[in-house]
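Fold and geometry: a report
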Amino acid sequence: LTRTLGCDRFWLMMLALSLFPTTYSPPSSHELAAVAPTLLALVERAVSEPEALAAELSESPLAAIAPTFALPDVAPTGPAAAGDLPIVVTHGMGDSCFNPGMQSVVALAGKTLGVEAVCVPTGDNQASDTINGFLMNMDKSVEAFAKRVQSDKRLSGGFDAFGLSQGNNIIRGYIAAYNDPPVRNFLSICGINAGVAAFPHCAPSTPVLGSICEALTEVLGKLAYNPIVQDILFQANYFRDPTRRNSSEYLSHSRLALWNGERPGVDMSARKARWAKVERFVWVEGSRDSMVWPRQGEQWGDVPSGYPKQLSPVPYNETRWYTEDTFGLQTAGKAGKNFFESFDGDHIRFTSAELQGWLKKYFK
């Protein structure tokens, strides 16, 4: 055991596969050590001390932990009707479906509409679900989500879905890659939809950085679009460096570039067809969001081409992904399927009344 944990990193990473069966197939430890040693240290801790690492992720400046709502005053809209569908919920980074905040959000949603509601994790327990939100890339997170959705008989007829923070990337990815069973309505609350151009809470001015921010700082420079990093780190997948968004590295290796239809030569027709099956998309922005920059990206705004001299975000209907309809956003807009909401607060700091209002307006 001492040799496994202290010396032989290859066998340690092989052990990760047995302990976290839904986790990615890791690159060799020698490759990762050469590229991102701090990230490798987190991968090793995911096996040697998962509970401690999960706790650190939950307490990091990047964590997007769901608010905890009380249920006694929740008034349901009435009993479920024949056409009502269950609700699927996904959580943000550092959070877990097994945490009390997420459980209260799910219970509130289900009771509000009088339907079944479930949070779908990508891990089998609190620790693995939390860690996977960091060390399982977007594509493999979507795959893990899809397997759970497709094996749940309650969801076989379709469902409405909403996510918090980066949990929306999972729902969005599922719609584009699977959408079977189909998502009827998608409510994105503070979603990292257009990516982030920076991680403000891991800026040098942040009082307590810790190993989580250190790992991000290590890779979010020249290494951001390294294939090894992209194969592991969820946050690297949606990091969209405004100074490199036309570079061959970003276009060839970024998961977000592929999802957004920015990668040349990729046939997006099947993804666009699945996207078109959704009846409503609701894009919710926190008007004082300090986690996502630019926050207008939650509603598909983009960093201007004149960055850094120009900082005012480009409106969603003037972005390339809208004007060229790279993944179906314009098609949805012309069909009257895109809706926009906002709340006066920081990242996912909405109220129970606001959540209930969105659910009754768009899911009922």
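Basis of the calculations
- Residues numbered from 1 in each chain as written.
- Predicted model: local features only at pLDDT ≥ 70, side-chain atom pairs only at ≥ 80, totals over all residues.
- Heavy atoms only, no water.
- Phe/Tyr/Trp six-rings, centres within 6.5 Å; stacked < 30°, edge-to-face > 60°.
- Helix = DSSP H or I, 4+ residues; strand = E, 2+ residues; numbered from the N terminus.
- Buried < 20%, exposed > 50% of the residue type's maximum accessible area, 1.4 Å probe, protein only.
- pLDDT = per-residue confidence, 0-100.
- Contact = heavy atoms within 4.5 Å.
- Disulfide = S-S within 2.5 Å.
- Salt bridge = Lys/Arg side-chain N within 4 Å of Asp/Glu carboxyl O.

A closer look at the packing of aromatic side chains
Geometry of an aromatic ring pair is reported as the spacing of the ring centres plus the angle between the planes. A complete count under the given rule lists 22 aromatic pairs for this structure. Look at Trp300 and Trp321: their rings are 6.1 Å apart centre to centre, the planes differ by 70°, and that puts the pair in the edge-to-face class. Taken as a pair, Trp300 in the loop between β5 (280-286) and α16 (320-323) and Trp321 in helix α16 lie far apart in primary sequence, 21 residues in all. In this structure, Trp300 and Trp321 share a single accessibility class: buried. Relative to Tyr322, the ring of Tyr316 lies with its centre 5.0 Å away and its plane at 70°, an arrangement referred to as edge-to-face.

Considerations on the confidence of the model for the protein chain
Mean pLDDT for the protein chain: 88, with 87% of residues reaching 70 or above. Confidence drops under pLDDT 50 across residues 1-24; counting only partners more than four residues distant or on other chains, this segment forms 48 contacts. Below a pLDDT of 50 lies the segment residues 204-209, which in the model reaches seven contacts outside its immediate sequence neighbourhood of four places, other chains included.

As for the state of the cysteines
What we call a disulfide is simply a covalent bond connecting the sulfur atoms of a pair of cysteines. As enumerated under the stated definition, the model contains one disulfide in all. For Cys97, the disulfide goes to Cys119, at an S-S distance of 2.0 Å. Measuring the twist about the S-S bond at about -70°, one finds the Cys97-Cys119 disulfide to be left-handed. Of this pair, Cys97 sits in the loop between β1 (87-90) and α6 (100-113) while Cys119 sits in strand β2 (residues 117-119); the two residues are 22 residues apart in sequence, bridging distant segments of the chain. Exposure remark for Cys97: the relative accessible area of 8% places this residue in the buried category. Accessibility expressed as a relative area gives 13% for Cys119, which makes it buried.

Observations regarding the pattern of salt bridges
Following the criterion strictly, the structure yields 19 salt bridges and no others. The closest approach of N and O atoms between Arg154 and Asp152, which form a salt bridge, is 2.7 Å. A salt bridge links Glu262 to Arg240, with the nearest nitrogen and oxygen atoms 2.6 Å apart. Placement of Glu262 in the loop between α14 (255-259) and α15 (269-275) and of Arg240 in the loop between α12 (234-237) and α13 (248-253) is noted, with a sequence separation of 22 residues between them. Taking the relative accessible area as the measure of exposure, Arg240 reaches 7% and is therefore buried. A single salt-bridge network, built from bridges that share partners, covers Asp139, Lys140, Asp231 and Arg255.

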